[in-house]
Amino acid sequence: MSTAKQRIVIIGATSAIAEHCARLWVADAAVDLSLIGRDPGKLEAVAADLRVRSPQSLIRIHGAEAAGFVDPLAVRQLVDSIVAEGAVDRVLIAHGSLPDQSACQTDLTAANEALVVNGISPALFAEAFAGHLQTVGRGTLAIIGSVAGDRGRKSNYVYGAAKGLVARYAQGLQHRLAGSGVKVVLIKPGPTATPMTAHLGQQGARLASVEEVAQAMVDGIAKGKPVVYAPARWALIMMVIRHLPAFVFNRMDI
Amino acid sequence: MVAVGSWGRLGSWEHQIRTLSHRSRVAGLLHDTQPGIAHGMGRSYGDVCLNPGGMLWLTRGLDRFISLDQDSGRLVCEAGVLLRDIQRLVIPRGWALPVTPGTQLVTVGGAIANDVHGKNHHAAGSFGDHVRRIELQRTDGSDIECGPELRPDWFRATVGGLGLTGVITIAEIQLRRVVGPWLLAETVPYQSLDEFFRLADDSELDWEHTVSWIDCLAPAGGRGLFMRARNTDAGLRPAPRSRALAMPFVPPVSLVNKLSLRPFNLAYYNIGKRRAGSHIVHYEPFFYPLDNVRDWNRMYGPRGFFQYQCVVPRAVGRDAVQAILGQIAGAGAGSFLAVLKTFGERAAPGMLSFPQPGVTLALDFPNQGTRTRQLFERLDVIVGEAGGRLYPAKDARMPRALFEAGYPRLAEFLPHRDPGISSAMSRRLMGS
């Protein structure tokens with residue numbers, strides 16, 4: 001007997017972390033997967049790869065204009081159109097872009113863009129999906145935050161503030177949807193070796209592999225954990241960072 | 001800048017790095033840089049994948065499959081895909097890579113650029129023999145599509161071309177049919193080189209895979225274990241639970257040393273001899289015994305190690321191998337991962353491909369500085385006089401004259417180089 005395929009939606013599907021989550025999901029079972037991204041060429045390449053890995057899966061792609069990620073009406077329309085194709089079991093909101101902190105400090109346009117893309121946009125997508133999931137009373141909504149959202153640091157507080165917004169938003173959704181059958185999972189990846197952080201590798205930072213981060217995420221999402229640090233060791237590191245008294249923290253060059 | 005080394009751990013050097021992650025963006029990332037070289041898993045042992053002070057283009061992000069025709073076994077994929085990922089994808093579907101080296105943790109691009117070979121060379125040739133199409137990105141922004149029939153000169157320059165003709169972005173590979181992941185394997189102890197050659201000749205017809213471990217410390221020389229295997233239908237049985245081992249730290253001195261080698265080799269030979277006979281084995285432990293020991297290259301200590309792999313023509317093969325083993329014994333050196341294998345009688349696909357008809361011997365030596373290099377100079381003489389050559393993928397030190405003598409098609413290759421590509425090896429062996 002065959003059961004219906006799980007329907008999964010990934011926003012920002014061309015990011016390395018999202019792509020590796022998708023690979024793990026299709027390796028586990030045939031799924032009905034919708035990939036949403038801005039670059040049609042990249043999306044098509046990601047989709048073709050997943051089709052080879054899992055010929056039984058249904059892989060659909062939805063291109064979206066750049067503006068479609070930040071304009072509230074466009075976000076609503078995009079989410080409604082995806083849900084109209086069938087009820088969704090799992091959503092991963094994964095888009096974002098690591099800004100240049102020092103550029104943001106001198107150029108408010110850059111700061112604004114970083115806050116919108118990394119904070120407001122994921123929150124709008126989460127809000128739009130939450131309503132649909134609540135209606136059917138099941139499903140998992142996973143949102144990628146960041147360890148950077150746990151405490152503001154001089155080296156990247158613009159990104160950190162945006163991810164902090166995502167964290168608080170996810171927390172609110174968890175409160176609202178408690179007992180509804182819908183799970184909201186906030187994922188906080190530590191620094192990961194992806195194209196987005198290629199320049200950090202050059203500075204000698206120790207980065208987790210994208211495979212390792214994706215595995216931790218997929219496991220956490222399957223369990224429906226409210227907060228997933230990926231890899232798990234960052235839970236401890238960030239607990240220490242969050243609790244450092246300001247007179248110590250402010251002397252640290254991080 | 002970031003410090004990058006290669007598998008031999010002879011050092012690490014500062015490089016600029018750029019990550020290639022989407023094939024549509026590669027042209028732009030190669031364009032406006034200083035000369036660089038593609039770098040995949042860094043599993044080559046010497047300097048073919050290094051460019052100290054310069055640029056490395058990391059290809060691991062180009063790791064997407066593009067298509068797989070289940071009926072014909074044609075696989076198209078990006079160049080940063082690992083051989084492991086191909087094997088795990090296609091073997092359950094009744095296909096396999098036709099040629100695979102002793103580690104599956106290498107990229108397709110690296111396998112082509114070094115034209116790697118495996119235990120079935122006598123039956124299947126080298127990796128490049130099964131590549132049907134390559135897409136090559138040049139640093140001037142142009143791209144070249146080539147294959148055995150399409151622009152064959154570019155194809156033959158790129159297969160085994162050490163990454164110097166452009167960055168390989170996409171490859172099409174003809175897979176071969178298999179009846180599952182199992183092999184029927186047989187281990188036969190041998191007592192002399194003559195016996196090794198007899199076994200090799202007798203096995204070629206019926207056994208797709210042949211290889212041997214040779215105990216280079218045995219008094220008479222030439223004692224070893226001959227292993228042969230072929231794909232077999234062993235039905236459905238559970239894949240072995242591989243117990244992943246790791247070398248968790250770099251020991252202060254090489255664990256492979258004068259004191260350890262003799263007992264290592266004695267034990268390895270005798271355990272192998274006791275287990276002689278045939279058995280069913282999963283392809284992963286048979287083809288990739290060391291992949292299960294993460295960071296095994298650390299066991300040679302902080303100074304790293306060299307591999308010395310040569311091929312010499314069959315007519316002089318026995319004498320040359322005997323002479324090499326004699327030199328090693330005379331130097332009081334020794335090797336643990338010593339591998340002896342016959343290559344088939346076939347022309348290699350690439351202008352700079354390593355395999356040629358004859359016998360190949362691969363040896364590992366902890367880096368002991370001048371002593372080790374002096375031993376290599378004596379081995380070079382033997383290889384040169386035998387009309388043999390060394391394997392660039394494993395090399396960190398061969399003299400330019402030996403390279404030029406061993407690779408007579410070099411002049412034909414050079415016009416295909418991309419002027420925006422340079423590696424430590426290309427500067428050492430080709431002057432630029």
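Chains are numbered independently. Their residues run from 1 in the order of the written sequence. Here the convention is simple: chains get letters from A, ligands get numbers from 1, in the order in which they are written. The predicted nature of this model means local features are confined to residues of pLDDT at least 70 and side-chain atom pairs, given and counted, to a pLDDT of 80 or more, with totals for whole chains, interfaces and linings taken over all residues.

1. Thoughts on the overall build of chain A
Reasoning step 1: Counting its secondary structure elements, chain A contains ten helices and seven strands.
Reasoning step 2: What you see for chain A is a C-alpha radius of gyration of 18 Å, in line with the 18 Å of a compact globule of 254 residues.
Reasoning step 3: Seen through its C-alpha atoms, chain A measures out along the principal axes to roughly 60 × 40 × 35 Å.
Reasoning step 4: A sequence separation of at least 24 residues applies to 68% of the contacts in chain A between residues at least 6 apart. Numbering goes from the N terminus for both helices and strands, where a helix is a DSSP run of H or I of at least four residues and a strand is a run of E of at least two. Our radius of gyration is a C-alpha quantity, and the globule rule it is checked against amounts to 2.2 Å times the number of residues to the power 0.38. Here contacts are defined at the residue level, using C-beta atoms placed from the backbone and a cut-off of 7 Å between them.

2. Here we look at the overall build of chain B
Reasoning step 1: Helix and strand counts for chain B stand at 13 helices and 21 strands.
Reasoning step 2: On C-alpha atoms alone, chain B measures out to a radius of gyration of 21 Å, which is about the 22 Å that the 2.2 N^0.38 rule sets for 432 residues.
Reasoning step 3: Along the first, second and third principal axes, the C-alpha set of chain B runs to 60 × 55 × 45 Å.
Reasoning step 4: Three exposure classes are used, all based on how many other C-beta atoms lie within 10 Å of a residue's own C-beta (placed from the backbone): buried at 20 or more, exposed at 12 or fewer, and partly exposed between those limits. Among the 432 residues that make up chain B, the fraction classed as buried is 50%.
Reasoning step 5: Intrachain contacts of chain B at a sequence separation of at least 6 include 74% that bridge at least 24 residues.

3. Quick look at the nonpolar core
Reasoning step 1: Judged by nonpolar contacts, the single largest core of 119 residues is most densely connected at I112 and A171 of chain B.
Reasoning step 2: When residues in this core are grouped by element, the largest group, six residues, is from strand β18 (residues 305–312) of chain B.
Reasoning step 3: Residues contacting A171 of chain B, with those up to four places away along its chain left out, are C77, A79, V108, I112, V131, R133 and I134 of chain B.
Reasoning step 4: By size, the runner-up hydrophobic cluster in this structure holds 71 residues, among which are C21, A22, V91 and A193 of chain A. Linking buried Ala, Val, Leu, Ile, Met, Phe, Trp, Tyr and Cys residues through C-beta atoms within 7 Å yields a set, and such a set is a nonpolar core.

4. Concerning the sheet that holds strand β3 (residues 36–39) of chain B
Residues and elements named next belong to chain B.
Reasoning step 1: The pairing criterion is simple: DSSP has to find at least two bridges between the two strands. Pairing in this open sheet of four strands is mixed, and the strands run β1-β2-β4-β3 from one edge to the other. What marks the edges here is a single partner per strand, and that holds for β1 (2–4) and β3. Across the sheet, the mean angle from the axis of one strand to that of its neighbour is 50°, orientation sign disregarded.
Reasoning step 2: In terms of strand pairing, β3 meets strand β4 (residues 55–58) through four bridges, oriented parallel. Orientation is described by lines fitted to C-alpha atoms, with helices fitted over the stretch in contact, and by angles between N-to-C directions that extend from 0 to 180 degrees.

5. Regarding the sheet that holds strand β4 (residues 90–93) of chain A
All names here are of chain A.
Reasoning step 1: Read across the sheet, seven strands follow the order β3-β2-β1-β4-β5-β6-β7 without closing on themselves; strand pairing throughout is parallel. Taken across any chain shown, the strands that pair with only one partner, and hence form the sheet edges, are β3 (58–63) and β7 (227–230). Each neighbouring strand pair of the sheet contributes to a mean axis angle of 15°, computed without reference to strand direction.
Reasoning step 2: Lying over the sheet, helix α2 (residues 40–53) contacts β2 (31–37) and β3, oriented at roughly 175° with respect to β3.

6. As for the packing of helix α1 (residues 16–28) of chain A against α2 of chain A
All names here are of chain A.
Reasoning step 1: Running from amino to carboxyl end, α1 crosses α2 at an angle of 20°, the nearest separation of the two axes being 9 Å. Considering their axes alone, α1 and α2 lie roughly parallel with respect to each other. Viewed along their axes, α1 and α2 form a crossing whose handedness is right-handed. Touching E19, A22, R23, V26 and A27 of α1 are V46, L50 and R53, all from α2.
Reasoning step 2: Classification used: nonpolar for Ala, Val, Leu, Ile, Met, Phe, Trp, Tyr, Cys and Pro, charged for Asp, Glu, Lys and Arg, polar for all others including Gly. The class makeup of the residues in the contact of α1 with α2 is five nonpolar, no polar and three charged. Every angle not falling under 35 degrees, over 145, or within 65 to 115 is termed oblique; those three ranges are roughly parallel, roughly antiparallel and roughly perpendicular. Crossings are assigned a handedness: left-handed for a near helix turned anticlockwise from the far helix by less than a right angle, right-handed for a clockwise turn.

7. Structural notes on helix α3 (residues 72–84) of chain A
Residue and element names in this part refer to chain A.
Reasoning step 1: Expected span, for any helix, means 1.5 Å times one less than how many residues it has. The end-to-end C-alpha distance of α3, which contains 13 residues, comes to 18 Å, matching closely the 18 Å that a straight helix rising 1.5 Å per residue would cover.
Reasoning step 2: Every buried residue of α3 is accounted for by V75, L78, V79, I82 and V83. Down the axis of α3, the buried set is contained in an arc of 130°. They therefore lie on one face. In α3, the exposed residues that point more than 90 degrees away from the buried face are L73, D80, S81 and A84.
Reasoning step 3: Elements in contact with the buried residues of α3: β1 (6–11), β2, β3 and α5 (108–136).
Reasoning step 4: Immediately beyond the C-terminal end of α3, within one or two residues, lies G86, with a positive phi of roughly 145°. By definition, the arc is the one covered by directions from the helix axis to the C-beta atoms.

8. A short note on the packing of α5 of chain A against helix α6 (residues 157–177) of chain A
Residues and elements named next belong to chain A.
Reasoning step 1: At a minimum axis separation of 8 Å, α5 and α6 run at an interaxial angle of 15°. With respect to their mutual orientation, α5 and α6 come out roughly parallel. In the crossing of α5 with α6, the sense of the turn from one axis to the other is right-handed. Residues A111, A114, L115, N118, G119, P122, A123, A126, A130 and Q134 of α5 pack against V158, Y159, A161, A162, K163, L165, V166, Y169, A170, L173 and L177 of α6.
Reasoning step 2: Counted by class, the contact of α5 with α6 contains 17 nonpolar, three polar and one charged residues.

9. Here we look at the confidence of the model for chain A
Reasoning step 1: Per-residue confidence from the predictor is given as pLDDT, running between 0 and 100. With 94% of its residues at a pLDDT of 70 or more, chain A has an overall mean of 92.
Reasoning step 2: Across residues 201–205 of chain A the pLDDT falls below 50, and counting only partners more than four positions away or on other chains, this stretch makes ten contacts in the model.

10. Some thoughts on the environment of G102 of chain B
Residues and elements named next belong to chain B.
Reasoning step 1: Examined against the element boundaries, G102 turns out to sit in the loop between β7 (95–96) and α3 (108–113).
Reasoning step 2: Accessibility expressed as a C-beta count within 10 Å gives 18 for G102, which makes it partly exposed.
Reasoning step 3: Expressed as a C-alpha distance, the spacing of G102 and R60, which sit 42 residues apart in the sequence, is 19 Å.
Reasoning step 4: For G102, the contacting residues outside a window of four places in its chain are F287 and Y288.

11. Regarding the interface of chain A and chain B
Reasoning step 1: The interface of chain A with chain B comprises 14 residues on the first partner and 16 residues on the second.
Reasoning step 2: Those elements that place two or more of their residues in the side of chain A that touches chain B are α2 and α7 (198–202) of chain A.
Reasoning step 3: A per-element tally of the side of chain A that touches chain B places α2 of chain A first, with eight residues.
Reasoning step 4: Its residues assigned to classes, the side of chain A that touches chain B shows seven nonpolar, four polar and three charged.

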